[in-house]
Amino acid sequence: METVIQRLLDSSESRDIQAWHEFTYLLLPLLSRKLKHTIPSLLSHPSLLAHTIYQALTFDTALAEEGFMVQETSASKQYSSPNKWEGVSEVVLGNPEWFEAWLRGEQNFAEEQYHEIISAPDAWLVAGGEHEPEDDSQGGVKATHSARRICSLIEQVTDRYSPLPRFNQRTSFLVSVQLPILSYYHGRVTSSLDAFETLSSAFVRAVPGALGVSLGREEGSVHVDNRGLTSGIEGVQRLCKALLSAKYVESAMRGWSEELFFVELWTEINHNLELRSRAISSSLLPDPKAKGEDLPEDTVFEELITQYERLGTRAEGMVVHQVCGEIENLLKTYLSSSANLNPESDQPNDIALSQTLLAPIALLSSHLTFLRANMPQVTFTLLYRRIASRLADHILQRQIFYRSRFDLIKGKSIRAECELWVETCHVALSGGLTGGRARVDAPWMKLLQAASLASTEGEAWSAIVDVTFGTLSDGAWDSAMTQAVGPIELGREEVIKTLRRREDCTR
């Protein structure tokens, strides 16, 4: 072809013709006729239809990579820009009926895969266990098997339709296949949180397969331990599954949004009037706001990212509420005691801890140990800060600010108990937070400072009382307190409340 035919063409008036390109172009009608004859019989076989279209797209891509250009053939005038030759796949894709049949087949297949994923026995187990390899696709972030498989399914769909030559065809796949799957999964995780909040046998039967709910072996039977599903480590574990699922999919969508394929697609949707109107009518796409040649500020997954972000925030709040609620409930016995001292202590100067305090402290240790082992570093840090801050404020209000007055011995006991809470966190975290001891202590600082004030004695006590109840301005008070006890996070009114709880404060 190159040594004989091309040389003959070069020596004639047809020197602009590339022999290999011309020969290839003359063979293309054979493929086109084959497709036109075969496709009608494949419409009732979605898998074969999809395979045929995929091979046609692969063939077009291979031709382009080999350097084939229809502009270098005798048909160059017919396909001059903008009437670019779109390949043999256009025989199928250019037929609206055939394209819609393929799209419906892909949509049905994706939905079937989705239902298989969420119905799998291990769908809601956390991946990356002791005998499983870690998934590095999201930076090693832990997630449920279902979340990872959903993301894998979305990526498979992207691979199948990314070779499509037209943006309206790509948009059809995005809107009809990918976005609904992500929305379905969001709804399933949401229903699991709803079920956790309003758990009942009737509600459980309405959402079989939700997180933490398992059907019995006998058809139609449900075996559910309501208390076990929503309490203790088991209850928090179910909330963490929802949280990990939402976080993983959200992270995946943020990554996809930065890929060139989706950036180009969303830019075209913003600038193409027909695609723009289609985006406006879809509740799963953000409102296209870009004008003229401006690049859009948001991304194609912005709406779903926002929904998953809210879902993750809700799950985080439920974890905090669950952990703190259980600990606060156990604290009621301790806080309601009129004298939280060990009755076996005979010496007036002994600092004894109440036995009723051990249960809530042990529960906090168990929860923090579980969360540290099962949550990503960033998420765990946020959860710890919120849990510790809420518990510290709860203890500060009920054990110091709003309680009966106490003496110095009781003040020292309160201080020892507060320090025990913090030390429990240090042991449970075992270096799980970056920043060292100060990072662990930070949420407890106000409580520790209040407990320290409650146990102050001697000249230091007198100095603090005089400074706080004196006539110094707030600025001068801050300086005086910093000099006396170091940097303090408590406000002046909070210090006054603390000091007045002591029996020896007469102000």
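**Student:** Can you lay out the overall build of the protein for me, pointing to particular residues and giving the numbers?
**Tutor:** Looking only at helices and strands, the protein has 21 helices and zero strands in total. The long-range share in the protein, meaning contacts at least 24 apart out of those at least 6 apart in sequence, stands at 70%. Total accessible area on the protein is roughly 25,900 Å²; 52% of this is exposed by carbon and sulfur atoms.

**Student:** Requested: an account of the pattern of salt bridges, with residues and values cited.
**Tutor:** What the rule picks out here adds up to 17 salt bridges. Salt-bridge contacts for Glu328 lead to Arg390; the nearest nitrogen and oxygen are separated by 3.1 Å. Remark: Arg390 occurs in helix H15 (residues 377-401) and Glu328 occurs in helix H13 (residues 302-336); sequence separation between them is 62 residues. Bridged by salt links that share partners, the residues Asp194, Glu197 and Arg314 form one connected network.

**Student:** Tell me what's going on with the packing of helix H14 (residues 358-374) against helix H16 (residues 408-429), and back it up with residues and numbers.
**Tutor:** It is at 9 Å that the axes of H14 and H16 come closest, and there the two elements cross at 30°. In terms of axis orientation, H14 runs roughly parallel to H16. Helix-helix and strand crossings are classified by hand; for H14 and H16 the assignment is right-handed. Between H14 and H16, the contacting residues are Pro360, Ile361, Leu364, Ser365, Leu368, Thr369 and Arg372 on the first element and Leu420, Trp421, Thr424, Cys425, Ala428 and Leu429 on the second. Residues of the contact of H14 with H16, tallied by class, amount to nine nonpolar, three polar and one charged.

**Student:** Could you give an account of the confidence of the model for the protein, with specific residues and numbers?
**Tutor:** Of all residues in the protein, 81% have pLDDT values of 70 or greater, and the mean over the chain is 83. Between residues 200-210, whose pLDDT stays under 50, and residues either more than four places distant or in other chains, the model counts 20 contacts. For the stretch residues 338-346, pLDDT sits under 50, and the model shows 15 contacts to residues farther than four places along the chain or on other chains.

Definitions and limits used
- Here the residue numbering is sequential within each chain, running from 1 through the sequence in written order.
- Side-chain atom pairs in this predicted model are given and counted only at pLDDT of 80 or more, local residue features only at pLDDT of at least 70, and totals for whole chains, interfaces and linings cover all residues.
- Hydrogens and water molecules were not included; the side-chain quantities draw on all heavy atoms of the structure.
- Numbering of helices and strands runs from the N terminus, with a helix taken as a DSSP run of H or I at least four residues long and a strand as a DSSP run of E at least two residues long.
- The contact definition used throughout considers only heavy atoms, calling two residues in contact when any of these lie within 4.5 Å.
- Using a 1.4 Å probe, accessible areas were evaluated by the Shrake-Rupley method; residue-level cover was limited to the displayed protein chains.
- The working definition used for a salt bridge is a side-chain nitrogen of Lys or Arg within 4 Å of a carboxyl oxygen of Asp or Glu.
- Axes, fitted as lines to C-alpha atoms, cover a helix only where it is in contact. Angles between the N-to-C directions of the axes lie from 0 to 180 degrees.
- Just so you know how the angles are binned, under 35 degrees is roughly parallel, over 145 roughly antiparallel, 65 to 115 roughly perpendicular, and the rest oblique.
- Crossing handedness is defined as follows: a turn of the near helix away from the far one that is anticlockwise and smaller than a right angle gives a left-handed crossing, while the clockwise case is right-handed.
- Three classes are used, and their members are as follows: Ala, Val, Leu, Ile, Met, Phe, Trp, Tyr, Cys and Pro are nonpolar, Asp, Glu, Lys and Arg are charged, and the others, Gly among them, are polar.
- Scored from 0 to 100, pLDDT reflects the predictor's confidence in each residue.

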